[in-house]
Amino acid sequence: MIDALPEKGVPGEQILAELRELRGGDLPTHGGRLFAYVYDPALDGLDDLARSAHAISAHVNGLDPTAFPSLLAMENALVGAAARLLGGDAETVGSVTSGGTESLILAVKAARDAHPEIARPRLVIPSTAHAAFAKAAHYLRVELDVVPIEGLTADPRAMAAAISPDTILVAASAPSYAHGVVDPIPAIAAVSAERGVRFHVDACFGGWILPYLRRLGADLPAFDLSVPGVTSISVDLHKYAYAPKGVSILLHASEELRRPQYFAYADWPGYTMINPVISSTRSGGPIAAAFATLRHIGDAGYLDLAAQTRAAVRTLADAVTATGGVRLFAPAATSVVCLASDGVDLFVLADELAARGWHTQPQMAYADLPPTIHLTVTAAVRATAASFAPDLADAVAAAQARGPIDVPPLPPLTPSAVTPELIASLAEGLGLGAGDFSRMAVVNTVLNAAPPALREALLTGFLSYLQRPPTQ
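Keep in mind that this is a model prediction, so the values were computed, not measured. (Residues numbered from 1 in each chain as written. Predicted model: local features only at pLDDT ≥ 70, side-chain atom pairs only at ≥ 80, totals over all residues. Heavy atoms only, no water.)

Once that is clear, we can look at the packing of aromatic side chains. Enumeration over the complete set of coordinates arrives at 11 aromatic pairs. With a centroid separation of 5.8 Å and 70 degrees between ring planes, the pair formed by W208 and Y302 is classed as edge-to-face. Taken together, the residues W208 in the loop between β5 (198–202) and α8 (210–215) and Y302 in helix α10 (residues 285–322) connect sequence positions 94 residues apart. Owing to a relative accessible area of 4%, W208 belongs among the buried residues under this scheme. (Phe/Tyr/Trp six-rings, centres within 6.5 Å; stacked < 30°, edge-to-face > 60°. Helix = DSSP H or I, 4+ residues; strand = E, 2+ residues; numbered from the N terminus. Buried < 20%, exposed > 50% of the residue type's maximum accessible area, 1.4 Å probe, protein only.)

Structure below.
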């Protein structure tokens, strides 16, 4: 057990050694074998540059840009770069946030607060939209209208039919996280504009790579601020801009559209609080690291990284196509390879791939969509992609030999019945009590069988079970 507040201070080198030991238990953030959570360009020296830039501005406070104009200059530069890349013009403005979820919450806030006369504002999204929209609706007390998809993309006619007089925002994805497909943005933007409703494009996941893929010849629809009717767009710099966590950009087509995003309060005896984003105090470290990353890679560098990513996607997709037992679930047209079962238990397959050093992201069944395995592909995967095919074939054979997970019938369970005691018992029974998460097929099978509300309760309880201080 590590004591964060020892009676006497600990030497710095010992602390760093402890941190390195802790990091040793994490999944690898470099090396092109982790297909979720991190984004690796495999550029020598970039990590050192980002760390140095972060250190220079780590103690700068973004609360007051008049006190720290260096941070204001960097934020404006980042917003300007994103606006140029994503179809903005001289009227485009934006804000730097801590991540995609904050960007989406603020997009919903700006739309909601632009219509204070609407008592019960509503948000229209396709069912493939990121879960952060549901979080935004929950936090901001906005009603959520989830529209069924057509194929794997949003259905413009169904989206149009869902718009009501209380709709304050329509949103779609470029691309969707789960499957990596781009929604028909021009058609949805047109119906939103016709109805006088704001339209937000969630490009948090792949927005920084899509323009480069299009320049490389990828057949992808227009999706950015150049499309009439798109009023805002978000893009994460800590994804395909390869900046350290966590920096995202929220762009609005005009200052008028952005104004309701701000929070201001002067009716107290302290300083007048004016915040463009959710946080008040903000470290300049992540912003400086992102600024250094963009300037170091440059436009030509990002084009090359996109080309490497595109080549890796093709290699991985070809491997899936050539392997019996699995199939491509969605066209591998962006930076995602999404595979489905063609006779193999996907959750067992995910474990077998992990045992061979490939760390993927299993996705549960939803409505009429089957379980899938998601691979987020980055430039670093280009160097390792060729070795994926034999490992995939070997993993499929091993999964078929193991057979599907046979979970015994579980007692009827409702979300309200999920208690800390039940979670502790399940964790021990499933072998998770000691913190070994290397074999998750049984867990994922159980979760896949649970209705969404029960799955939420189980995972919330398990996360709460993990997030406890050690006993003294």
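The rest of the description comes next.
What follows covers the pattern of salt bridges. In total, this model carries 16 salt bridges according to the counting rule given. With a shortest N-O distance of 3.2 Å, E75 and R282 are connected by a salt bridge. Here E75 is found in helix α3 (residues 69–85), whereas its partner R282 is found in the loop between β9 (273–275) and α10, with 207 residues between them in sequence. The pair E75 / R282 is uniform in exposure class, with both members buried. (Salt bridge = Lys/Arg side-chain N within 4 Å of Asp/Glu carboxyl O.)

What follows concerns a nonpolar patch on the surface. There is a patch of nonpolar side chains on the surface, built from I2, V10, I15, L16, L19 and L22 and spanning about 490 Å² of accessible area. Summarising the element assignment, I15 is placed in helix α1 (residues 12–23). Residue classification places I15 among the partly exposed residues on the basis of a relative accessible area of 34%. (Patch = residues over 30% accessible without salt bridge, like charges linked within 9 Å, V, L, I, M, F, W, Y side chains within 5 Å. Areas by Shrake-Rupley, 256 points an atom, 1.4 Å probe, with all protein chains shown as cover.)

With that out of the way, let us pick up helix α5 (residues 132–140). Listed in full, the buried residues belonging to α5 are A132, F133, A136, A137 and L140. Considered in projection along α5, the buried side chains sweep an arc of 145 degrees and stay on one side of the axis. Along α5, the residues that are exposed and aim more than 90 degrees away from the buried face are H138 and Y139. Those residues of α5 that are buried are in contact with α4 (100–113), β2 (122–126), β3 (143–147), β4 (167–173) and β5. (Arc of directions from axis to C-beta. Contact = heavy atoms within 4.5 Å.)

Moving on: the sheet that holds strand β1 (residues 93–97). Strand order in the open sheet formed by seven strands is β1-β7-β6-β5-β4-β2-β3, and the pairing between neighbours is mixed. Here the strands that pair on one side only, and so sit at the sheet edges, are β1 and β3. Neighbour-to-neighbour, the strand axes of this sheet turn through a mean angle of 20 degrees, independent of strand direction. With five bridges joining them, strand β6 (residues 232–236) and strand β7 (residues 248–252) adopt antiparallel strand pairing. By the bridge assignment for β7, S232 is matched with H252. With respect to the sheet, α5 is in contact with β2, β3, β4 and β5, its orientation differing from that of β3 by roughly 155 degrees. (Pairing = 2+ DSSP bridges. Axes fitted to C-alpha atoms, helices over the stretch in contact; angles between N-to-C directions.)

In terms of burial, β1 is largely enclosed, as five of its five residues are buried. Every second residue of β1 is oriented toward a common face, with V93, S95 and T97 on one face and G94 and V96 on the other, all of them buried. As judged from the five bridges shared by β1 and β7, these two strands associate in the antiparallel manner. Following the sheet pairing, T97 is matched in β7 by S248.

Here we take up the nonpolar core. Core analysis: the biggest nonpolar cluster contains 70 residues, and W208, F223 and L237 have the highest contact counts within it. Examining the composition of this core, we find that nine residues originate from one element, α10, more than from any other. Each residue touching W208, except ones within four places of it in the same chain, is listed here: A81, A82, L85, V235, L237, Y240, A241, L294 and Y302. Counting 42 residues, the second largest nonpolar core, distinct from the first, contains V337, V396, V443 and L458. (Core = buried A, V, L, I, M, F, W, Y, C linked by side-chain atoms within 4.5 Å.)

At a minimum axis separation of 9 Å, α4 and α5 run at an interaxial angle of 50 degrees. As far as their axial angle goes, α5 and α4 are oblique. Crossing of α4 against α5: the hand is right-handed. Within the contact between the two elements, α4 uses T101, L104, I105, V108, K109 and R112 and α5 uses A132, F133, K135, A136, Y139 and L140. Across the contact of α4 with α5, the residue classes tally to eight nonpolar, one polar and three charged. (Parallel < 35°, antiparallel > 145°, perpendicular 65-115°, else oblique. Left-handed = near helix turned anticlockwise from the far one by under 90°. Nonpolar A, V, L, I, M, F, W, Y, C, P; charged D, E, K, R; others polar.)

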